[in-house]
Every structure is written in structure tokens, then in C-alpha cells.
Amino acid sequence: MTRAPIRRLRHAAAAAVLALAGTGTLAAQTCEGNDYPTEARADYVYACMQANGGTRDALRRCSCSIDVIASILPYEKYVEAETVMSIVQVGGEKSGIFRTPGMTEKVAEMRRAQAEGEIRCF
């Protein structure tokens, strides 16, 4: 796939998330005091859509999934877990410092929230 179609898909996903948020569809499913920035939601939905076929149905399900995650996990913990997962995935000797019980628990919390999103939305 060339960069132009990927860029168009990313923009379409972000536009769709913003459109849904404007209609209240996303807002109705999120918790009070939600602190997830729109960009973080759009990034999640974009990656999720790529992994799930890039369809309109995937957009709906992926938007639902990030709403569930946001209702369970504060944004600060989401960022921490994403950071740990990214570093550990790369591997190497230096990533060993992120394989502590505290860091492992952060990732476990994220995975539980993701699993709940899959159960409710997929």
C-alpha cells in the first residue's frame, strides 16, 4: 500500500471519529470526566481499523472499544502501558528494566481493558 491511501484512510478514520463525537454517539458511551484526547482516540481507532479490515463496521466497533478502554483506564495509565508495551516489544537488553512487576501490572491492566472492549464491542 502506498503512503497516499494510508494517509487517506487515517484522515477518514479521524474524520469519522470526530463526526461520531459531534453527534454524541461516542460521548454517550464514555465515562464522566473522560481525559482521552481526540488524537489518542483517533490513533487507536485508526490502528484498530487497520487490524480489522478497514470497514465501516470496524470503525464502529473500534470506536466502541476505545470508549470502553477509556471508561476503565485513566488516560495517564493508558499512556504508561502503551509506552511499556512499545519498549518491551522492541526487545533488547535495555528493555529489561521495563519487565518489573509494576510495569507488568500496568500492561496487564491495559490488556484487561482491551479484552473488555473486545467483549462488549466485537
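**Quick word on helix α3 (residues 38–51)**
The terminal C-alpha atoms of α3 lie 20 Å apart, and with 14 residues this matches the ideal 20 Å at 1.5 Å per residue to within 8%. For α3, every residue scored as buried is listed here: A40, R41, A42, Y44, V45, Y46, C48 and M49. Residue G53 follows α3 closely and has a positive phi angle near 95°.

**Looking at the packing of aromatic side chains**
All told, the structure shown has three aromatic pairs when counted by the stated rule. Taking the centre distance of 5.2 Å and the plane angle of 50° together, the rings of Y36 and Y78 count as tilted. Of this pair, Y36 sits in the loop between α2 (25–29) and α3 while Y78 sits in helix α5 (residues 75–90); the two residues are 42 residues apart in sequence, bridging distant segments of the chain. Both residues of the pair, Y36 and Y78, count as buried. With 6.0 Å between their ring centres and 25° between their planes, Y75 and Y78 make a pair best called stacked. Placement of both Y75 and Y78 in helix α5 is noted, with a separation of three residues, approximately one turn of the helix. A relative accessible area of 23% places Y75 in the partly exposed class.

**Remarks on the confidence of the model for the chain**
Taken as a whole, the chain shows an average pLDDT of 81; of its residues, 73% reach a score of 70 or greater. Segment residues 13–31: pLDDT under 50, and 23 contacts once partners within four positions in sequence are set aside and those in other chains are kept.

**Some words on the pattern of salt bridges**
Inspection of every chain in the model, using the stated rule, returns seven salt bridges. Between D57 and R61 there is a salt bridge; the shortest N-O distance is 2.8 Å. Pair noted here: D57 and R61 are both in helix α4 (residues 56–72), with a separation of four residues, about one helical turn. Taking the shortest distance from any N to any O, the salt bridge between E116 and R120 comes out at 2.8 Å. Taken as a pair, E116 and R120 lie in helix α6 (residues 101–121) at a separation of four residues, close to a single helical turn. We classify E116 as partly exposed; its relative accessible area is 27%.

Cut-offs applied
Residues numbered from 1 in each chain as written. Predicted model: local features only at pLDDT ≥ 70, side-chain atom pairs only at ≥ 80, totals over all residues. Heavy atoms only, no water. Helix = DSSP H or I, 4+ residues; strand = E, 2+ residues; numbered from the N terminus. Expected span 1.5 Å × (residues − 1). Buried < 20%, exposed > 50% of the residue type's maximum accessible area, 1.4 Å probe, protein only. Phe/Tyr/Trp six-rings, centres within 6.5 Å; stacked < 30°, edge-to-face > 60°. pLDDT = per-residue confidence, 0-100. Contact = heavy atoms within 4.5 Å. Salt bridge = Lys/Arg side-chain N within 4 Å of Asp/Glu carboxyl O.

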